[in-house]
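# Structural overview
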Amino acid sequence: MSTALDRRRRRTVAALAAAVGLGLLASAPAQAGAGTSALCTVSFPSVLIAPAFQPLALTASAGTMTSEGHTGTVRCAGEIRGHAVTGPGTAAIRYERWGTCAGHVGEGDVEWKVPTDGGLQVLAGELSVRRLAVAVLAAADFGDARADLAGALYPVEGDCVLTPLSRVGVLVAGSLVS
């Protein structure tokens, strides 16, 4: 039963992220002559929350969130630094967070490695995250390009109702432009 529920949650999160991503693509301004212009989805099957968010906690707490390496998948359609994306890449995040089960904010590091027809493009930079309930807004500033992403998270370990939430899955989508 929990497997069917997990699949249903993931499908719901994927549909939400895809809808938000398409909305961002439709509203993104044209980037004439830009070297980077792509629509991307980023998914993490498991992000560690340490210490875990505690159920019914009313006071915000500090901690970290990490993908524990390049465990995420980046899928982009378009060009990065003037080169066509040729397949899926990997992603890693680590950031300091402040919040509760109801929501949090955070800042830290992000890195994407994306294959292109010009070779592997490594984008490393600063990440900022805002979450309210399951909705996530994230911005990744890579210096020469910026990704604005929206989507959702889903519980992997814990539920923030009866048990501490120590791991979540994340799916976001949006635009990457220079």
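Note that the structure is a prediction, hence the values are computed from the model and not measured.

Thresholds, definitions, all that
Residues numbered from 1 in each chain as written. Predicted model: local features only at pLDDT ≥ 70, side-chain atom pairs only at ≥ 80, totals over all residues. Heavy atoms only, no water. Helix = DSSP H or I, 4+ residues; strand = E, 2+ residues; numbered from the N terminus. Buried < 20%, exposed > 50% of the residue type's maximum accessible area, 1.4 Å probe, protein only. Contact = heavy atoms within 4.5 Å. Areas by Shrake-Rupley, 256 points an atom, 1.4 Å probe, with all protein chains shown as cover. Phe/Tyr/Trp six-rings, centres within 6.5 Å; stacked < 30°, edge-to-face > 60°. Lys NZ or Arg CZ within 6 Å of the ring centre and 35° of its normal. Disulfide = S-S within 2.5 Å. Polar contact = N/O pair within 3.5 Å; in protein donor to acceptor, adjacent residues only side chain to side chain. Core = buried A, V, L, I, M, F, W, Y, C linked by side-chain atoms within 4.5 Å. Salt bridge = Lys/Arg side-chain N within 4 Å of Asp/Glu carboxyl O.

### Thoughts on the overall build of the protein
Looking only at helices and strands, the protein features one helix and ten strands. Mapped in sequence order, the helices and strands of the protein form the string α-β-β-β-β-β-β-β-β-β-β. Buried positions account for 40% of the 178 residues belonging to the protein. The long-range fraction of contacts in the protein, counting pairs at least 24 apart against all pairs at least 6 apart in sequence, stands at 60%. Surface summary for the protein: the accessible area is close to 8900 Å², and the carbon and sulfur share equals 61%.

### Some thoughts on the packing of aromatic side chains
Two aromatic rings, taken as a pair, are described by how far apart their centres are and by the angle between their planes. Enumeration according to the criterion identifies one aromatic pair in this entry. Over the aromatic face of Phe 53 sits the side chain of Arg 97, whose NZ or CZ is 4.3 Å from the ring centroid. Positioned over the ring face of Phe 53 is Arg 131, at 5.2 Å from the centre of the ring.

### Looking at the state of the cysteines
Throughout this description, disulfide means a covalent bond between two cysteine sulfur atoms. For the structure on display, the rule yields two disulfides. In this model Cys 101 forms its disulfide with Cys 160; the gap between the sulfur atoms is 1.7 Å. Handedness of the Cys 101-Cys 160 disulfide follows from its S-S torsion of about -80°: it is left-handed. Of this pair, Cys 101 sits in the loop between strand E5 (89-100) and strand E6 (103-116) while Cys 160 sits in the loop between strand E9 (146-157) and strand E10 (165-177), placing them 59 residues apart in sequence. There is no split in this pair, since Cys 101 and Cys 160 are both buried. Cysteine pairing for the protein, with bonded cysteines counted in sequence order: 1-2, 3-4.

### What about the side chain of Thr 36?
Tracing the chain through its elements places Thr 36 in the loop between helix H1 (2-27) and strand E1 (37-53). Under the relative-accessibility criterion, Thr 36 is labelled buried at 2%. Within polar-contact distance, the side chain of Thr 36 engages the backbone nitrogen of Arg 81 at 2.8 Å. Among all residues touching Thr 36, those that are not within four sequence positions of it are Glu 79, Ile 80, Arg 81, Ala 145, Leu 176, Val 177 and Ser 178.

### Structural notes on the nonpolar core
If you look at the biggest cluster of nonpolar residues, it comprises 36 residues, and the most contacted ones within it are Val 42, Trp 112, Phe 142, Val 168 and Leu 176. Of all the elements in the fold, those that place two or more residues in this core are E1, strand E3 (72-80), E5, E6, strand E7 (119-132), strand E8 (135-141), E9 and E10. Among the elements that make up this core, the one with the highest residue count is E1 (seven residues). If we skip the residues at most four places from it in the chain, Phe 142 touches Val 110, Trp 112, Leu 123, Ala 124, Gly 125, Ala 147 and Leu 176.

### Details of unusual backbone geometry
With an omega of -10°, the peptide bond between Ala 50 and Pro 51 qualifies as cis. Mapped onto the secondary structure, Pro 51 falls in strand E1. With a phi close to 55°, Ala 133 is a non-glycine residue in the positive phi region.

### Focus on the environment of Ala 124
Position of Ala 124 among the secondary structure elements: in strand E7. In this structure, the C-alpha to C-alpha distance between Ala 124 and Ala 92, residues 32 residues apart in sequence, is 9.4 Å. Among all residues touching Ala 124, those that are not within four sequence positions of it are Val 110, Glu 111 and Phe 142.

### Topic: the pattern of salt bridges
Counted according to the given criterion, the structure contains five salt bridges. With a shortest N-O distance of 2.9 Å, Glu 68 and Arg 167 are connected by a salt bridge. Remark: Arg 167 occurs in strand E10 and Glu 68 occurs in the loop between strand E2 (61-66) and E3; sequence separation between them is 99 residues. A relative accessible area of 16% means that Arg 167 is categorised as buried. Across the pair Glu 157 and Arg 167 runs a salt bridge, and its minimum N-O distance is 3.6 Å. A residue pair is termed long-range when its members are at least 10 positions apart, and Glu 157 in strand E9 and Arg 167 in strand E10 qualify at ten residues. Residue Glu 157 is classed as partly exposed on the basis of its relative accessible area, which comes to 39%. Look at the salt bridges and you will find they share partners, linking Glu 68, Glu 157 and Arg 167 into a network.

Everything listed here is a matter of coordinates, which is why it stays silent on function.
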